[in-house]
Number of protein chains: 2
Amino acid sequence: MALLFSRVLLRNSSRGYHFYRIKDLSTHTCKPGNKVNVKGWVKSVRNMKGNLFVDINDGSAASNFQLVINKEKNIDTAYGSSIDACGVIVASPKNKLELHVDTLKELGKCPLTEGYPFYPKKSYPPEYIRNHLHLRPRVNSMASTFRVRHEATRAFNEYLQQSGFVQIHTPVLTSNDCEGAGESFVVKPLNDQLLTSMAKENVPLEHAYFDRPTFLTVSGQLHLEAMSHGLDKVYTFGPTFRAENCKSNIHLSEFYMLELEEAFMGTLEELMDRVEDMLKMVTKSLIARSASDISLVRKLTTDNKLESSFEWIDKPFPRMTYAEAMDVLKVNESKLKSPVRPEEGINKEQELFLVEHCQSPVFVCYWPREIKSFYMRENEQNPQLVDALDLLVPHVGELVGGSVREDSYDRLQRKLPNMAVLQWYLDLRKFGSVTTAGFGLGFERYLSWVLNVHNIKDVIPFPRWAHNCVM
Amino acid sequence: MALLFSRVLLRNSSRGYHFYRIKDLSTHTCKPGNKVNVKGWVKSVRNMKGNLFVDINDGSAASNFQLVINKEKNIDTAYGSSIDACGVIVASPKNKLELHVDTLKELGKCPLTEGYPFYPKKSYPPEYIRNHLHLRPRVNSMASTFRVRHEATRAFNEYLQQSGFVQIHTPVLTSNDCEGAGESFVVKPLNDQLLTSMAKENVPLEHAYFDRPTFLTVSGQLHLEAMSHGLDKVYTFGPTFRAENCKSNIHLSEFYMLELEEAFMGTLEELMDRVEDMLKMVTKSLIARSASDISLVRKLTTDNKLESSFEWIDKPFPRMTYAEAMDVLKVNESKLKSPVRPEEGINKEQELFLVEHCQSPVFVCYWPREIKSFYMRENEQNPQLVDALDLLVPHVGELVGGSVREDSYDRLQRKLPNMAVLQWYLDLRKFGSVTTAGFGLGFERYLSWVLNVHNIKDVIPFPRWAHNCVM
């Protein structure tokens, strides 16, 4: 349960005008006749019969707020300026609140001709907007996207807290390189003098800071497993890194992953229940809090359209085995551009086909051992399979990957790729071992799906990918 | 307001025994006679009159839970094992619940003689425990620390959400190197073939991945400022990096920082109000939720002691100018080991002296321009000063550093250290400029203070510092 923080800091109100953020201006909080102060950026200016109609936004809400400036006031302002306005609240004929301005101060002008990239009444393609990262939050649809990202972060945290999970800050810097070694970034101090001063015999100079090669994390899973052996239910939510030369719309060099690990969990069915429950509850909560922002980004005009975009929330997700998925793909091979090769897994085209085929997000479970990771548990009935799942969703394909973890010390020892660095991981199976299961969810892929945004570079404030790291 | 997630996934209960986590076992939820299943790790075993008294913990609570095994059951277990027990709830004479065991299954043994580092009934110094990071969560005081860290994270998030702030995931990878350049880590792909394949003319090979030198962030502030120009109230909470060869108890190479930026905020007084309000409200909320864990880590035995440790919550923090702080230090120079040099700032000994002098956390504000950063606003009355603050607290010294940001395009242009890389930062003062103010808070320092833990390496799950990056 959230404790309420009773005291709220109020901004200084100007000369008898009470300060409001735009999201707090409603007929519930504010009556016609109230003297109100607002601050924000000018989104549009219209001159009608000599009066100025000025739409402003302060970043708190999806909708702009309208100021009306009587021509006799001799007040002027322009698109893009930051302003501080005082006036009296009036209800429009449609019972929408607006502010009839007494005084208006321009805090900062916005000289379009000196390089401001966004002109009034123009819409721009995402690639263009992305070229101006530092000014993107002024674009309403981007501000909405970032607020939804915030609310989604909050919804995942709340769901997991209420389900008894402890958030663990797994490290960005790690000396484990077992997974995705070919795709790791490596780290060293910029200052060569520092390195020299820290040099040790038998340690290459470039590794002198930590005495060993050190990488940016590709997954917090192994660290989470250690924490779950003691804390039971744990999760991590933070930045994750891949050094790939990839231009796809679903890959980033720095992205956010939600990873969860649950001790005393021994079956894939329980894990699928967890994934499905989480996604449905979180998305319900997100829609309840962010309907206006989601509708704005998805360009929906009615609540009805929003509801019909999320029909999957009320239906169970189909669950098929890998073998069943292969059967579906084989039967439909003629509709696919790519050949179906069970020994190679499922590519993105095939993932999206399965989703389309099921008309729903769909779990694919019990995968061939050979194409999955060393830490996945061999299936009891068929040791050629591992207890692993992928969840495939519209738009992005694989959203979640998870498994029951191998809990046999002997089998794990045989399969472990790098004994020296991962001796600690074997220890977990030696001392008070328990079966754990968990998964990782790509947060930008989730947002891209929910917001129907084509490229995940547009749901993260500062996207980094091959040849791109601006700011 | 938190939405409640109505559906809770329940673990499979065994043969009519209802599964409980230890934190949920209380006289409110569970009655004597109930058939209950618990899972966890054995913390101690005592043999009395032939009965076994077994304390277990599953990581959900500060206190262990007692199992009683009648000698006639012929059930045995040992310290460190993971177990799954079914039995009947009985209230002890002191009305404490315990479980009289019907069946007990050992999931994993814990062979002490094969290298398990923690023996029963022994306490170990923090440095020793820290040498076994992957097994630390089995130590009750460490499990409590990590739960408090989780609850503190949650309390900061909730306070900021309820105060209208949007959480921004500022990037770990950045091409800005203006601040702390000497202390930056630099990043490149591990795979040299990848680098070669991405090579471009005029770009040094080591920078080929991003086309430019790329660092781990030393602060998200500049990125936050960009976001606050559009979203107004924003914050970031995540990992931050410093490449220092430092062995102090308040420094880490990877640490967590809470950074906040608020637009339309023009005075240091408002910023001090924000910092003070946040710290008090968050700490109140934390104490309300985590009293048992905090008491366990602080080794307090009564609620009374907990209250007296947090008396600062109900008193205003003193606010002194830098000049006043210097006066206090000068008058007391004979009590200090270090000389007082106004042109050099305040060192840790002096910070702690000021805190002791005020018997309270204390703000020091309006610092000399020469010893502070380029982005801090020159004071209107005295341009030799900047509108900057430090908050000093017991135990760690500087906890928070903040300022009103320089909002004059011309002054900023003169002071900016690296024009080419930070042209975008100047743009913020050119297009719809607003005054913003903000601060950064060292999260591990906060925990170290609140938990009275000497070394911040023991309040973070996986500490990284010079010559140390295990796992």
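Cut-offs and rules
Residues numbered from 1 in each chain as written. Chains lettered and ligands numbered in written order. Predicted model: local features only at pLDDT ≥ 70, side-chain atom pairs only at ≥ 80, totals over all residues. Heavy atoms only, no water. Contact = heavy atoms within 4.5 Å. Buried area = accessible area lost by both parts, 1.4 Å probe. Salt bridge = Lys/Arg side-chain N within 4 Å of Asp/Glu carboxyl O. Polar contact = N/O pair within 3.5 Å; in protein donor to acceptor, adjacent residues only side chain to side chain. Helix = DSSP H or I, 4+ residues; strand = E, 2+ residues; numbered from the N terminus. Nonpolar A, V, L, I, M, F, W, Y, C, P; charged D, E, K, R; others polar. Pairing = 2+ DSSP bridges. Buried < 20%, exposed > 50% of the residue type's maximum accessible area, 1.4 Å probe, protein only. Expected span 1.5 Å × (residues − 1). Domains from an automatic or database assignment. Phe/Tyr/Trp six-rings, centres within 6.5 Å; stacked < 30°, edge-to-face > 60°. Least-squares fit on C-alpha atoms with pLDDT ≥ 70 in both. Disulfide = S-S within 2.5 Å. Axes fitted to C-alpha atoms, helices over the stretch in contact; angles between N-to-C directions. Parallel < 35°, antiparallel > 145°, perpendicular 65-115°, else oblique. Left-handed = near helix turned anticlockwise from the far one by under 90°.

> Explanation requested: the interface of chain A and chain B in the structure shown.
A common measure of how large an interface is: the accessible area buried when the components associate. Taken residue by residue, the interface counts 131 residues in chain A and 130 residues in chain B. Surface buried jointly by chain A and chain B totals about 11300 Å² across both partners, of which 62% is contributed by carbon and sulfur atoms. If you look at where chain A meets chain B, you find 4 salt bridges. The residue Lys430(B) makes a salt bridge to Glu114(A) at a minimum N-O spacing of 3.9 Å. Taken together, the links from chain A to chain B amount to 49 residue pairs in polar contact (both at pLDDT 80 or more). Tallying contributions element by element places helix α2 (residues 140-162) of chain A first for the side of chain A that touches chain B, with 12 residues. Here the side of chain A that touches chain B is composed, by residue class, of 63 nonpolar, 37 polar and 31 charged. Bridge analysis of strand β9 (residues 185-189) of chain A against strand β9 (residues 185-189) of chain B gives 5 bridges, and the strand direction is antiparallel. Bridging across to β9(B), Lys188(A) finds its partner in Val186(B).

> How should unusual backbone geometry be read in this particular structure?
Glycine aside, residues mostly have negative phi, and peptide bonds are mostly found in the trans state. Residues and elements named next belong to chain B. Positive phi is not limited to glycine here, since Lys49 has a value of about 50°. Position of Lys49 relative to the elements: it lies in the loop between β2 (35-48) and β3 (51-57). One non-glycine residue, Lys121, adopts positive backbone phi at about 60°.

> Would you explain helix α8 (residues 348-358) of chain A in this entry?
Structural remark: α-helix, 3.6 residues per turn; residues separated by three or four positions point the same way. Residue and element names in this part refer to chain A. For α8, the complete set of buried residues consists of Gln350, Glu351, Phe353, Leu354, Val355 and Cys358. Buried-residue contacts for α8 involve β13 (319-321), α7 (322-331), β14 (362-368), β15 (385-393) and β16 (397-404). Among the residues of α8, the N-terminal cap falls to Asn347, whose side-chain oxygen and the backbone nitrogen of Glu349 are separated by 3.2 Å. Gln359 sits one or two residues past α8 and shows a positive phi near 55°.

> Would you explain the sheet that holds β13(A) in this entry?
The strands that make up a sheet pair up through hydrogen bonds in the backbone, lying either parallel or antiparallel. Residue and element names in this part refer to chain A. Taken in spatial order, the 8 strands line up as β7-β11-β12-β17-β16-β15-β14-β13 in an open sheet, and their pairing is mixed. The strands lining the two open edges of the sheet, one partner per strand, are β7 (166-167) and β13. Where β7 lies against strand β11 (residues 233-241), 2 bridges are found, and the strand directions are parallel. The residue bridging Gln167 from the neighbouring strand is Tyr235, located in β11.

> Honestly, the pairing of strand β14 (residues 362-368) of chain B in this entry has me stumped. Any pointers?
The two faces of a sheet get side chains in turn, since along a regular strand they alternate between them. Residue and element names in this part refer to chain B. With respect to burial, β14 is a largely interior element, 7 of its 7 residues being buried. With 3 bridges joining them, strand β13 (residues 319-321) and β14 adopt parallel strand pairing. Of the residues in β14, the one forming a bridge with Thr321 is Cys365. The pairing of β14 with strand β15 (residues 385-393) spans 6 bridges and is antiparallel.

> Please clarify how α2(A) should be interpreted in this entry.
All names here are of chain A. Along its 23 residues, α2 runs 33 Å from first to last C-alpha, staying within 8% of the 33 Å computed at 1.5 Å per residue. For α2, the buried fraction is high: 20 of the 23 residues fall into the buried class. Among the residues trailing α2, Gly164 stands out with phi positive, at a value near 90°.

> Explanation requested: the domain arrangement of chain A in the structure shown.
All names here are of chain A. One can read the domain layout of chain A as domain 1 (18-122) and domain 2 (138-183 + 218-458). Inter-centroid distance (C-alpha atoms) of domain 1 to domain 2 is 43 Å. With 10 residues of domain 1 in contact, the opposing surface of domain 2 contributes 8 residues. Interface of domain 1 and domain 2: buried area, both sides summed, is about 700 Å²; carbon and sulfur atoms make up 47% of it. It is Lys43, Ala62 and Tyr116 in domain 1 that bury the most area against domain 2; as a group they hold 54% of the surface buried on that side. For the interface between domain 1 and domain 2, the tally reads 0 salt bridges.

> Would you explain the packing of aromatic side chains in this entry?
What characterises a pair of aromatic rings is the spacing of the ring centres plus the angle enclosed by the ring planes. Under the criterion given, the structure shown has 46 aromatic pairs over all chains. The interplanar angle of 80° and the centroid separation of 5.7 Å between the aromatic rings of Trp424(A) and Tyr425(A) together place this pair among those described as edge-to-face. By relative accessible area, Trp424(A) is classed as buried at 7%. Overall, the relative accessible area of 0% leaves Tyr425(A) in the buried class. A ring pair is formed by Phe237(B) and Tyr256(B), whose centres lie 5.8 Å apart and whose planes are at 55°; its orientation type is tilted.

> I keep staring at the environment of Tyr446(B) and nothing clicks. Help me out?
Residue and element names in this part refer to chain B. As for its placement among the helices and strands, Tyr446 is situated in helix α11 (residues 443-451). Its relative accessible area of 0% is what places Tyr446 among the buried residues. Each C-alpha atom, one on Tyr446 and one on Cys358, is 19 Å from the other, the two residues being 88 residues apart in sequence. Setting aside anything within four residues of it in sequence, one finds Tyr446 in contact with Ala152, Phe156, Leu279, Val282, Thr283, Leu286, Leu399 and Leu441.

> I'm lost on the pattern of salt bridges in this one. Help?
Side-chain pairs of opposite charge can arise whenever the charged atoms involved come near each other. Here the structure, examined in full by the defined rule, presents 63 salt bridges over all chains. Among the salt bridges present, the one from Arg136(B) reaches Asp458(B), with a minimum N-O distance of 3.4 Å. With Arg136(B) in the loop between α1 (126-130) and α2 (140-162) and Asp458(B) in the segment after α11, the pair connects residues that are 322 residues apart, well separated along the chain. Each member of the pair, Arg136(B) as well as Asp458(B), is classed as buried. Between Lys415(B) and Glu406(B) there is a salt bridge, and its shortest N-O distance comes to 4.0 Å. In the salt-bridge network here, residues are joined through shared partners; they are Arg369(A), Glu370(A), Glu378(A), Glu406(A), Arg411(A) and Lys415(A).

> Looking at this structure, how should I read the relation of the copies chain A and chain B?
Copies of the same chain, two in number, are related to each other by a rotation about an axis and a translation along it. Structural alignment of chain A on chain B gives an RMSD of 0.0 Å, achieved by rotating through 180° and translating 0.0 Å along the axis. This pairing of chains is accounted for by a two-fold axis. In terms of C-alpha distance to the rotation axis, chain A has Val187(A) as its closest residue, with the C-alpha 2.4 Å off the axis.

> Honestly, the state of the cysteines in this entry has me stumped. Any pointers?
Here, the word disulfide means a covalent bond between the sulfur atoms of two cysteines. Counting across every chain of the model gives 0 disulfides over all chains. With no disulfide partner, Cys86(B) has as its closest neighbouring cysteine sulfur the one in Cys30(B), 13 Å distant.

> Looking at this model, I keep getting lost on the sheet that holds β13(B). Mind explaining?
All names here are of chain B. Spatially, 8 strands are ordered β7-β11-β12-β17-β16-β15-β14-β13 in an open sheet, and the strand pairing comes out mixed. Edge positions in the sheet fall to β7 (166-167) and β13, since each has one partner strand and no second. Sheet analysis places β15 next to strand β16 (residues 397-404), joined by 6 bridges and oriented antiparallel. Counterpart to Val393 in the pairing with β16 is Gly397.

> Explain the packing of α2(A) against helix α5 (residues 268-298) of chain A here, please?
A packed helix pair is summarised by two numbers, namely the angle formed by the two axes and the spacing between the axes. All names here are of chain A. Two elements in contact, α2 and α5, have axes whose closest approach is 9 Å; the angle formed by their N-to-C orientations is 150°. One finds that α2 runs roughly antiparallel with respect to α5. Of the two elements, α2 crosses α5, and the hand of that crossing is right-handed. Taken together, the residues that form the contact of α2 with α5 break down as 13 nonpolar, 6 polar and 8 charged.

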